[in-house]
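# Tertiary structure, described
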Amino acid sequence: YAIIGGTGLTTLGGLTMKAALHIDTPYGAPSAAVLRGDYAGREVLFLARHGHPHRIPPHQVNYRANLWALREAGATAIIAVNAVGGIHAAMGTGHFCLPHQIIDYTYGREHTFFEGELEHVTHVDFSHPYDSALRLKLSQALQAERAAFSSHGVYGCTQGPRLETAAEIARMERDGCDIVGMTGMPEAGLARELVLPYACLSLVVNPAAGKSRSLITMAEIERALEDGMSTVKAVLARVLAR
């Protein structure tokens, strides 16, 4: 397995590191070195999506380099950890969501490996963007940890780095989005192009714009991250130990 750590998970506590792999890719440098080590009794790869320390905003993450580097390092499946805002009423702060669908609202990101002078145009099937077997393992682990979670949801991916307006969230809710984040795409699409099973473990760290009476603050988000990351690590350990 490879784990992509998002906001709040730039390091994987408990990882017994064997090597830090600095991988050159045709798409430039990944966000950080790919760490290879043992976690929960299993060899894993870990990559900090935003770098370590957290320094790369979501619209400037080199998603192509990240996914390519993980495949080159030997990844055969990917679990992505994402901090998100809650849109649906069930998605309160501290709730986990295992999205089964995604809507892409981003623009200008390098979103495919299939470009340039290719022998033929390639269109991958992206009907179901998340791997069902991986989602089931995550669901079972969340249940074992007695965490509040939803086994389904629609992830709306926005451009960032600013947070959304209340009107944008209202539009996304009409579109059917349950959670909102800034890093779900093109990561999921690129994993599909590389034929890497991919699932997303999303932690709700704040109500989306217009979903509470107060303004969204970084202090609020950081508290939710601090509270939720211990469960994230426990869930990852359960999945890896299977």
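The structure reproduced in this document is the subject of the present report. Counting starts from 1 at the beginning of each chain's written sequence and moves along it residue by residue. In keeping with the predicted nature of the model, local features appear solely for residues at pLDDT of at least 70, side-chain atom pairs appear and are counted solely at 80 or more, and the whole-chain, interface and lining totals rest on all residues. Side-chain measures here rest on the full set of heavy atoms in the structure, leaving out hydrogens and waters.

### Focus on the pairing of strand S9 (residues 154–157)
- Exposure categories follow from relative accessible area, calculated using a 1.4 Å probe and restricted to protein chains: below 20% of the type maximum is buried, above 50% is exposed, and the middle band is partly exposed. Only runs of H or I of at least four residues qualify as helices and only runs of E of at least two qualify as strands under DSSP, and these elements are numbered from the N terminus. The alternating pattern of S9 places Val 154 and Gly 156 on one face and Tyr 155 and Cys 157 on the opposite face, and all of these are buried.
- Of the pairings in the sheet, the one linking strand S7 (residues 101–104) to S9 comprises 4 bridges and is parallel in character. When the bridges of S9 are listed, Asp 104 appears paired with Cys 157.
- Criterion used throughout: strands pair if DSSP finds at least two bridges between them. Direction of pairing for S9 relative to strand S10 (residues 179–181): parallel, over a ladder of 3 bridges. When the sheet's bridge partners are listed, Cys 157 is paired in S10 with Gly 181.
- With the strands pointing away from the viewer, any crossover whose connection runs clockwise from the first strand over the helix to the second is right-handed. Following the chain from S9 across helix H3 (residues 166–175) to the adjacent parallel S10, one finds a crossover that is right-handed.

### Quick look at the pattern of salt bridges
- Salt bridge, as used here, is a side-chain nitrogen of Lys or Arg placed within 4 Å of a carboxyl oxygen of Asp or Glu. Applying the stated rule across the entire model yields 10 salt bridges.
- The salt bridge partner of Glu 115 is Arg 64, with a shortest N-O separation of 2.6 Å. Taken as a pair, Glu 115 in the loop between S7 and helix H2 (132–144) and Arg 64 in helix H1 (residues 63–72) lie far apart in primary sequence, 51 residues in all.
- Taking the relative accessible area as the measure of exposure, Glu 115 reaches 41% and is therefore partly exposed.
- A relative accessible area of 11% places Arg 64 in the buried class.
- Close ionic contact of Arg 238 with Glu 145 constitutes a salt bridge, the shortest N to O distance being 2.5 Å. With Arg 238 in helix H5 (residues 218–241) and Glu 145 in the loop between H2 and strand S8 (149–150), this residue pair connects regions lying 93 residues apart in the sequence.

### Looking at the packing of H2 against H5
- Fitting a line to C-alpha atoms yields each axis, with helices limited to the stretch in contact; the angle taken between N-to-C directions then spans 0 to 180 degrees. Two elements in contact, H2 and H5, have axes whose closest approach is 9 Å; the angle formed by their N-to-C orientations is 125°. Viewed along their axes, H2 and H5 adopt a mutual orientation that is oblique. For the crossing formed where H2 meets H5, the hand is right-handed. Every residue of H5 that contacts H2 at Lys 137, Leu 138, Ala 141, Leu 142 and Ala 144 is listed here: Val 235, Arg 238 and Val 239.
- Gly counts as polar in this scheme, as do all residues outside two lists: the nonpolar Ala, Val, Leu, Ile, Met, Phe, Trp, Tyr, Cys and Pro, and the charged Asp, Glu, Lys and Arg. A per-class count over the contact of H2 with H5 returns 6 nonpolar, no polar and 2 charged. Angle categories are assigned with fixed cut-offs, so that under 35 degrees is roughly parallel, over 145 is roughly antiparallel, 65 to 115 is roughly perpendicular, and the rest are oblique. For any helix crossing, the convention is left-handed if the near helix is rotated counterclockwise from the far helix by under a right angle, and right-handed if that rotation is clockwise. Only heavy atoms matter for contacts: two residues are in contact if any of them lie within 4.5 Å across the pair.

Bear in mind that shape data such as this cannot, by itself, settle questions of function.
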